[in-house]
Amino acid sequence: RNNSVTVDGNGATINSINDATSSVQITGDGVTLQNINLTAATEGLRYGSLDQHKLLVTGDHDTVRNVSVTGSAAAGIFAYGASNFTFDHDTVRYTRADGIHMTGGSHDGTVINPSTAWTEDDAVVVVSYADEPISQNIVVTNPVVSGSDGRGIAVVGGNNVSFSNISVWRTWAAVVDVAAEGAPWN
């Protein structure tokens, strides 16, 4: 919750054992989290509340660098209303939902060299739901997707969202999906 904090894990691992409250949350502004491994069970029920995404980012000017996520009760990295954020060389694998998901009006974000593997839903996505602010001004460069039970890359709603130099392998659904969806997702 504190602002202007840097946490350098120096390669340490934080393991969650309770799916219901398994997230690490960055809610302050100007926070940097780097060089850390976040782990959880890779199998079990799929959850979806903010307390169940492995890494939740909601602040302004936050940076997530060289963070590895293995296992999650929900999404691996979940930006919800985050602004002016940077995700740099982060790896997400074996989640029970999306790999890296940006939504809730997240804006002005840069995602550099993200890597996902074997997510149980979409891999790297920007989504704008009808009942939330529009996610916008997000640039994703060099995403690498290695297996997904959903889409590889997706933009569902949003303004000024770009992906470049995409590498996607073995997805269950679309490799790249740019769309507006109706009910029930709206």
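Colleague: Lay out the overall build of the protein in plain terms, naming residues and giving numbers.
Modeller: Looking only at helices and strands, the protein has zero helices and 18 strands in total. Against the 2.2 N^0.38 benchmark of 16 Å for 186 residues, the protein shows a C-alpha radius of gyration of 15 Å, consistent with a compact globule. The principal-axis extent of the C-alpha atoms belonging to the protein is close to 40 × 30 × 30 Å. The buried share of the protein, taken over its 186 residues, is 46%. Restricting the contact set of the protein to residue pairs at least 6 apart, pairs at least 24 apart contribute 63%.

Colleague: Summarise the packing of aromatic side chains; cite the residues concerned and give the values.
Modeller: Evaluation of the coordinates by the stated rule reveals three aromatic pairs. Residues Phe 85 and Phe 87 carry aromatic rings whose centres are separated by 4.9 Å and whose planes lie at 40° to one another, so their mutual orientation is tilted. Comparing Phe 85 with Phe 87, the two get one shared label, buried. With a centroid separation of 5.7 Å and 75° between ring planes, the pair formed by Trp 118 and Trp 169 is classed as edge-to-face. Highlighted residues: Trp 118 in strand β11 (residues 115-119) and Trp 169 in strand β17 (residues 167-171), separated in sequence by 51 residues.

Colleague: Give me the environment of Asn 84: which residues, what numbers.
Modeller: Examined against the element boundaries, Asn 84 turns out to sit in the loop between β6 (77-80) and β7 (86-88). Asn 84 gets classed as partly exposed once you look at its relative accessible area, which sits at 28%. Taking the C-alpha atoms as reference points, Asn 84 and Tyr 94, separated by 10 residues in sequence, lie 27 Å from one another. Those residues in contact with Asn 84, other than ones at most four positions away along the chain, are Asp 60, His 61, Asp 62, His 107 and Asp 108.

Colleague: How would you explain the nonpolar core if you had to name every residue and give the values?
Modeller: Core analysis: the largest hydrophobic core is formed by 28 residues, its most contacted members being Leu 55, Phe 87, Met 102 and Val 124. When residues of this core are traced back to their parent elements, those giving at least two are β3 (32-39), β4 (55-57), β5 (63-72), β6, β9 (100-103), β12 (124-127), β13 (136-141) and β15 (153-156). Excluding residues within four positions of it along the chain, Val 124 makes contact with Ile 100, Met 102, Thr 116, Val 140, Val 145, Gly 152, Ile 153, Ala 154 and Phe 163.

Colleague: Residue-level account of the sheet that holds β12, with values.
Modeller: Within the open sheet, the seven strands sit side by side as β2-β4-β6-β9-β12-β15-β18. Their pairing is parallel. Each of the sheet's edge strands pairs with one partner strand only, and the pair in question is β2 (24-26) and β18 (176-179). For this sheet, the mean angle separating the axes of adjacent strands, direction not counted, is 10°. Bridge count between β2 and β4: three bridges; the pairing is parallel.

Colleague: Before we move on, could you go through the side chain of His 53 and cite the residues and values that matter?
Modeller: For His 53, the position within the fold is in the loop between β3 and β4. Of the residues examined, His 53 reaches a relative accessible area of 5% and is grouped as buried. A polar side-chain atom of His 53 sits 3.0 Å from the main-chain amide nitrogen of Ala 75. Dropping the residues within four chain positions of it, His 53 is found in contact with Ser 23, Val 24, Gly 48, Ser 72, Ala 74, Ala 75 and Phe 78.

Calculation criteria
- Residues numbered from 1 in each chain as written.
- Predicted model: local features only at pLDDT ≥ 70, side-chain atom pairs only at ≥ 80, totals over all residues.
- Heavy atoms only, no water.
- Helix = DSSP H or I, 4+ residues; strand = E, 2+ residues; numbered from the N terminus.
- Rg over C-alpha atoms; globule rule 2.2 N^0.38 Å.
- Buried < 20%, exposed > 50% of the residue type's maximum accessible area, 1.4 Å probe, protein only.
- Contact = heavy atoms within 4.5 Å.
- Phe/Tyr/Trp six-rings, centres within 6.5 Å; stacked < 30°, edge-to-face > 60°.
- Core = buried A, V, L, I, M, F, W, Y, C linked by side-chain atoms within 4.5 Å.
- Pairing = 2+ DSSP bridges.
- Axes fitted to C-alpha atoms, helices over the stretch in contact; angles between N-to-C directions.
- Polar contact = N/O pair within 3.5 Å; in protein donor to acceptor, adjacent residues only side chain to side chain.

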